[in-house]
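Residue strings, one per chain:
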Amino acid sequence: MPAIYMDYQATTPPDPRVVERMRDGHESGQGFANPHSVSHDLGRSAAAEVAASRRSVATLIGADDDEIVFTSGATEANNLAILGTCHDLTDRNEIVVSAIEHKSVLAAARHLESKGFVVRKAHVDAAGRVDMDHLHDLIGSSTRLVSVMATNNEIGVEQDIAPIAALCRNAGCLFHVDAAQALGTFAVDAYEWGADFLSLSSHKVYGPKGIGALFVARDARRHIRSIMFGGDQEDGLRPGTLAPNLCTGFGEACNILASERSDEIVRLVGLRDRFLSKLRERIPAYEINGTLTGRHPANLNIRFPGIEADQMLAMCEGRVAAATGSACTSGIPEPSHVLIALGRTSREANESIRFSFGRFTTAEDIDATVEALSAATALLDGLADA
Ligand code: PMP
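Residues numbered from 1 in each chain as written. Predicted model: local features only at pLDDT ≥ 70, side-chain atom pairs only at ≥ 80, totals over all residues. Heavy atoms only, no water.

### Here we look at the state of the cysteines
Item 1. By the definition in use, this model includes 0 disulfides.
Item 2. Here cysteine 254 is not cross-linked by a disulfide; its sulfur's nearest cysteine counterpart is in cysteine 247, at 11 Å. (Disulfide = S-S within 2.5 Å.)

### Concerning the site of the ligand
Item 1. Around the ligand, the structure places 14 residues, and the nearest of them are Thr75, Asp178, Gln181, Ser201 and Lys204.
Item 2. One nitrogen or oxygen atom from the side chain of threonine 75 is found 2.6 Å from an oxygen atom belonging to the ligand.
Item 3. Measuring from a nitrogen atom of the ligand, one finds a side-chain N or O atom of lysine 204 at 2.8 Å.
Item 4. The element contributing the most residues to the shell around the ligand is helix H3 (residues 74-85), with 3 residues.
Item 5. Here the shell around the ligand is built from residues that sort into 3 nonpolar, 9 polar and 2 charged. (Near = heavy atom within 4 Å. Polar contact = N/O pair within 3.5 Å; in protein donor to acceptor, adjacent residues only side chain to side chain. Helix = DSSP H or I, 4+ residues; strand = E, 2+ residues; numbered from the N terminus. Nonpolar A, V, L, I, M, F, W, Y, C, P; charged D, E, K, R; others polar.)

### Topic: the domain arrangement of the protein chain
Item 1. Along its sequence, the protein chain is carved into domain 1 (4-11 + 261-385) and domain 2 (16-255).
Item 2. For domain 1 versus domain 2, the distance between C-alpha centres works out to 28 Å.
Item 3. Taken residue by residue, the interface counts 30 residues in domain 1 and 33 residues in domain 2.
Item 4. Carbon and sulfur atoms supply 49% of the area buried between domain 1 and domain 2, which totals about 2500 Å² over both sides.
Item 5. Three residues, Arg261, His337 and Leu342, lead the burial of domain 1 against domain 2; their summed loss comes to 25% of the area buried on that side.
Item 6. Here domain 1 is connected to domain 2 by 19 residue pairs in polar contact (both at pLDDT 80 or more).
Item 7. Sorting the residues of the side of domain 1 that touches domain 2 by element identifies helix H8 (244-282), strand S10 (299-303) and helix H10 (337-341) as the ones contributing at least two each.
Item 8. Looking at the side of domain 1 that touches domain 2 residue by residue, the class counts come to 11 nonpolar, 14 polar and 5 charged. (Domains from an automatic or database assignment. Contact = heavy atoms within 4.5 Å. Buried area = accessible area lost by both parts, 1.4 Å probe.)

### Overview of the sheet that holds strand S9 (residues 287-288)
Item 1. Pairing is antiparallel across the open sheet formed by 3 strands, whose spatial order is S9-S10-S14. Two strands bound the open sheet, and with one partner strand each, they are S9 and strand S14 (352-356).
Item 2. Where S9 and S10 come together, 2 bridges link them in antiparallel fashion. Across the sheet, glutamate 287 pairs through a bridge with arginine 303, a residue of S10.
Item 3. In the packing of H8 onto the sheet, the strands contacted are S9, S10 and S14, and the crossing angle to S10 comes to about 20°. (Pairing = 2+ DSSP bridges. Axes fitted to C-alpha atoms, helices over the stretch in contact; angles between N-to-C directions.)

### Focus: the packing of H3 against helix H4 (residues 103-113)
Item 1. H4 packs onto H3 with a crossing angle of 30° between their chain directions and a minimal axis gap of 9 Å. Crossing hand, H3 versus H4: right-handed. Note on element contacts: H4 touches H3 through Ser104, Val105, Ala108, Ala109, His111 and Leu112, opposite Thr75, Asn78, Asn79, Ile82 and Leu83.
Item 2. Partitioned by chemical class, the residues of the contact of H3 with H4 number 6 nonpolar, 5 polar and no charged. (Left-handed = near helix turned anticlockwise from the far one by under 90°.)

### Re the side chain of asparagine 153
Item 1. Tracing the sequence through the fold places asparagine 153 in the loop between strand S5 (143-149) and helix H6 (161-171).
Item 2. Judged by its relative accessible area of 15%, asparagine 153 falls in the buried class.
Item 3. Beyond its immediate sequence surroundings of up to four residues, asparagine 153 is in contact with Gln9, His102, Gln181, Asn299 and Arg354. (Buried < 20%, exposed > 50% of the residue type's maximum accessible area, 1.4 Å probe, protein only.)

### Overview of the pairing of S10
Item 1. Within S10, 5 of the 5 residues are buried, which leaves the element mostly enclosed by the surrounding structure.
Item 2. Residues Asn299, Asn301 and Arg303 point to one face of S10 and Leu300 and Ile302 to the other, with burial holding for every one of them.
Item 3. Note: S10 against S14, 5 bridges, orientation antiparallel. Following the sheet pairing, arginine 303 is matched in S14 by serine 352.

Below, the structure is given as structure tokens:
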């Protein structure tokens, strides 16, 4: 029996309907052509495929088609938003990010420090919510760009995006939202949120890997430049030949979300509650990192006091596939910067595991996961007592 997959926030399994749609495109022989070479039918057909996919992505986030720039994923979209807007030094040389951003935002911002930009980090509270007073203090007439994620990839906390956009508007600076983890379980609306730029990733929403998008609001277009060179594709913002088949898969994943997301959220909340109530029966000493309200419905970041997360996962190996938030740098595991920002100690952070589930998770999977965790805890307790 394969291990129960509890790592949906690392990547979601592709939806079979997405795979089917991509296979059809592939087998029909349509769509292989270069979508930017439109002097013949084959090229035009590939271009039509890309256009239809762009429409699906745009519609899902309340944008217009020409505001969607396809990228290789959210890492590239984040880099494009940050490096593409901070390309020259002016009197606005500050970038404000939250302390719990994804590494692709933090590292891109850090890179700009070496070019003369100043990066400021907004604190979060124990639930993981951005401290609005601190953010307010950080944003000013020197701020070029603010980047805050909609849904965190480790603890699932969802930020209240519209008030952050309002702060940015008042200060006259640009606002980028990393919505990679939000699209699948949150009604992402770029205009309602007031985002100038918004990053998306297909493989977090049951689509293929290797494709994502950056929403570029029409009014913000003049503030961003390409960070790569060699072609005029994607309105000059992302040179290179697009992969029509990947676009098709991403578009189909968005079509499915458009019709099923709200029902799916209800089902996932049911699974999450089941997980917690079973866990309470079997391992009552657990603690939740973050908050249970305003959170991704299928993320649980759980601390098992006194048990190293790596040990726990090793005991569950082959039965449960979950992850810790720690990053391994030069062989030394570093505690998650997200959990540390919440006020957890390094030790507490290293006792924490992220469980993330989704569309194909069943109630039986939840029960079996808790069983495996409970058996592992009993064994580890036994070892500690011996
Ligand atoms: N941002 C967030 C919040 C993410 O969770 C991820 C993926 N872990 C990324 C960006 C990067 O996405 P991709 O894998 O599409 O580059």
